Amino acid sequence: MKKLLKNGTIVTGEEIIQADLLIEDEKIIGIGKYDEADEVYDVTGMYVMPGGIDPHTHMELQQSPQYRSADDFYTGTVAAAVGGTTTILDHIAFGPEGANLHYSIDIYRELAKKSVVDYGFHGVIQHVDNDILKELDGIVRNEGITSFKAYSTYGYAMTDIDFYRILKQMKTSGGLLTIHCENDLITRYLIDEAMKAGKTDVKYFPSTRPNEAEAESVDTLLNLAKLVDVPVYIVHTSAAESVDRIKLSKEMGDEVYSETCTQYLMLTDEVYSKNGAKEGVKYLMQPPLRKKRDQEVLWNGLKDGDVVTVGTDHCPFIYETEKSKGIENFTNAPGGAPGVEERIKILFSEGVLKDRFDLNTFVKVVSTNSAKIFGMYPEKGSLDLNTDADIMVIDPNRSEKISVATQHSVCDYNAYEGLEVNCGIHLVFSRGKLVAKDGEFKGEKGYGKFIHRKNRDN
């Protein structure tokens, strides 16, 4: 079956052209001028772009024995699809202590079969020994999971030697290490200090995970990566000081990729004082929200190419039964927030329409850069002929208010409640199938496929 998107403005990471786009079955087969197809969509005055790629989600994340993120791979990817995202890369949860790398991967392969759009995984590393490194090598080379995440904090914090050994293996295997950067000793000490002083209100939360704790960890990892001569990917960059260090590394010729998230561009630590702690606990996340200055540095980083992707770290927990447990003591609530549905609308409205970056940069940071970094390009993140017809159509002539009342996530609140965006996601195609139209889901459960990604040697 042929489908035609007619009279639109086609935008990729490099080009802007007036043309029609022709799809047959799952692939893009033509860009030019066409008159007939089985289905014709008039997209006059709209932008036709590669489908969004969210490089950082947490569907069905078991954060602790009592807390599991609210969206599963069905509801979470429905939200993604309606918001213009046609591919997610999910950061999988820890397994039990001592678990090998396949333990969680095997679980997630089953969980993700509900997905309505295509998906891949970032593996997770909990400990380092020779067996783990050998297993890592096999997965990266043969199983299409070419990126892994390691943490500098939480229950399975890596030491500098752990990171060094992982990076050496990644260089050999052609994989990419993604890293949660916060200094574990400092954050633990500051949290303990706050608790002893009775500073349990969420308004004190940001001071326990300061900019410097993130930037120090970023600095350490970039130095280790330089020592090994291998690229690294810093997840959810939030602090201005971190961007400064990343920029310096890039100026020195190092290959480093920095991701930020929608919330760090749009929200500040002022929300932790909203309605006492009752509202503030909704925004508990690690790293915490920062200040206006940090936002400005992140926006400029996206424009200048020092920050290259925007994810969501989508990890929602129900306010009434989970987040609210942190009202009296912020350490009692799980960290994470929703956002997979809102990302593209917000970035278009606040980024493109407010001249923070241009259309080509927008496509790069919401789609193309992630496809290239994580081994999916050009099948994903492009509009090249004979590639997957993953397409979003943005209407810049609409406006809407973001609200929990209209969202598709099952979370009982929206982090951007009441924000007006001056655009709409008109059409979304995943491998040629219409999966969303004007905020209504049109796809089907289980349509999404696992993406067997290329390692850096391919």
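Everything numeric here is computed off the predicted structure, so don't read it as measured data. Each chain carries its own residue numbering, running from 1 in the written order of its sequence. A pLDDT threshold of at least 70 governs which residues receive local features in this predicted model, and a stricter bar of 80 or more applies before side-chain atom pairs are shown or counted, although totals over entire chains, interfaces and linings include all residues. As a rule here, side-chain values cover all heavy atoms of the structure and leave hydrogens and water aside.

For the rest of this paragraph, the subject is the overall build of the protein. Helix and strand counts for the protein stand at 12 helices and 21 strands. Over its C-alpha trace the protein gives a radius of gyration of 21 Å, about what one expects of a compact globule, namely 23 Å for 458 residues. Reported as C-alpha extents along the three principal axes, the dimensions of the protein are approximately 70 × 50 × 40 Å. For the protein, buried positions account for 62% of its 458 residues. In this description, contact between two residues means that some pair of their heavy atoms is separated by no more than 4.5 Å. Considering only residue pairs separated by 6 or more positions, the protein has 76% of its internal contacts joining residues 24 or more positions apart. Helix numbers and strand numbers start at the N terminus; a helix is a DSSP run of H or I with at least 4 residues, a strand a run of E with at least 2. We compute the radius of gyration over the C-alpha atoms and compare it with the globule rule, which gives 2.2 Å times the number of residues raised to the power 0.38. Only protein chains enter the accessibility calculation, which uses a 1.4 Å probe; a residue is then buried when its area is under 20% of its type maximum, exposed when over 50%, and partly exposed in between.

Let's shift gears to the UniProt feature "domain: Amidohydrolase-related" (unreviewed entry) in the protein. UniProt positions are given in the numbering used here, feature names are shortened, and annotations may be inferred rather than shown by experiment. In the numbering adopted here, UniProt assigns the feature "domain: Amidohydrolase-related" (unreviewed entry) to residues 47-435. In this annotation, residues 47-435 is assigned 35% helix and 18% strand; the end-to-end C-alpha distance for the span is 17 Å.

Mapped onto the fold, T146 is located in the loop between α3 (130-142) and β11 (147-151). For T146, the side chain forms a polar contact with the side chain of R453, separated by 3.2 Å. Leaving out residues up to four positions away in the same chain, T146 has contacts with V140, G175, L176, F374, R453, K454 and N455. Any pair of nitrogen or oxygen atoms within 3.5 Å is treated as a polar contact; in protein, a donor-acceptor pairing is required on top of that, and neighbouring residues in sequence qualify only through side-chain atoms on both sides.

The buried fraction of strand β16 (residues 391-395) amounts to 5 of the 5 residues, a majority that puts the element mostly inside the structure. Every second residue of β16 is oriented toward a common face, with I391, V393 and D395 on one face and M392 and I394 on the other, all of them buried. In this description, strands pair whenever DSSP reports at least two bridges between them. Pairing analysis gives 4 bridges linking strand β5 (residues 47-50) to β16, with the strands arranged antiparallel. What sits directly across from M49, in β16, is M392.

The feature "modified residue: N6-carboxylysine" (unreviewed entry), as given by UniProt, occupies K149 in the numbering adopted here. Along the chain, the position of K149 falls in strand β11. Discounting chain neighbours no more than four positions away, the residues touching K149 are H56, H58, H91, G123, V124, I125, L177, T178, H180 and V235.

Next up on the list: the sheet that holds strand β14 (residues 256-261). Within a sheet, adjacent strands bond to each other through the backbone by hydrogen bonds, running parallel or antiparallel. Pairing in this open sheet of 8 strands is parallel, and the strands run β6-β9-β10-β11-β12-β13-β14-β15 from one edge to the other. Unpaired on one side and paired on the other, β6 (52-57) and β15 (309-311) mark the two borders of the sheet. Within this sheet the neighbouring strands show an average axis-to-axis angle of 30°, counted without direction. Bridge count between strand β13 (residues 232-234) and β14: 3 bridges; the pairing is parallel. Across the sheet, residue I234 finds its bridge partner in β14, namely S258. Axes here mean lines fitted to C-alpha atoms, for a helix over just the part in contact, with angles spanning 0 to 180 degrees between N-to-C directions. Strand contacts of helix α2 (residues 101-111): β9 (85-91), β10 (118-124) and β11, with the helix running at about 160° to β10, the strand carrying the most contacts.

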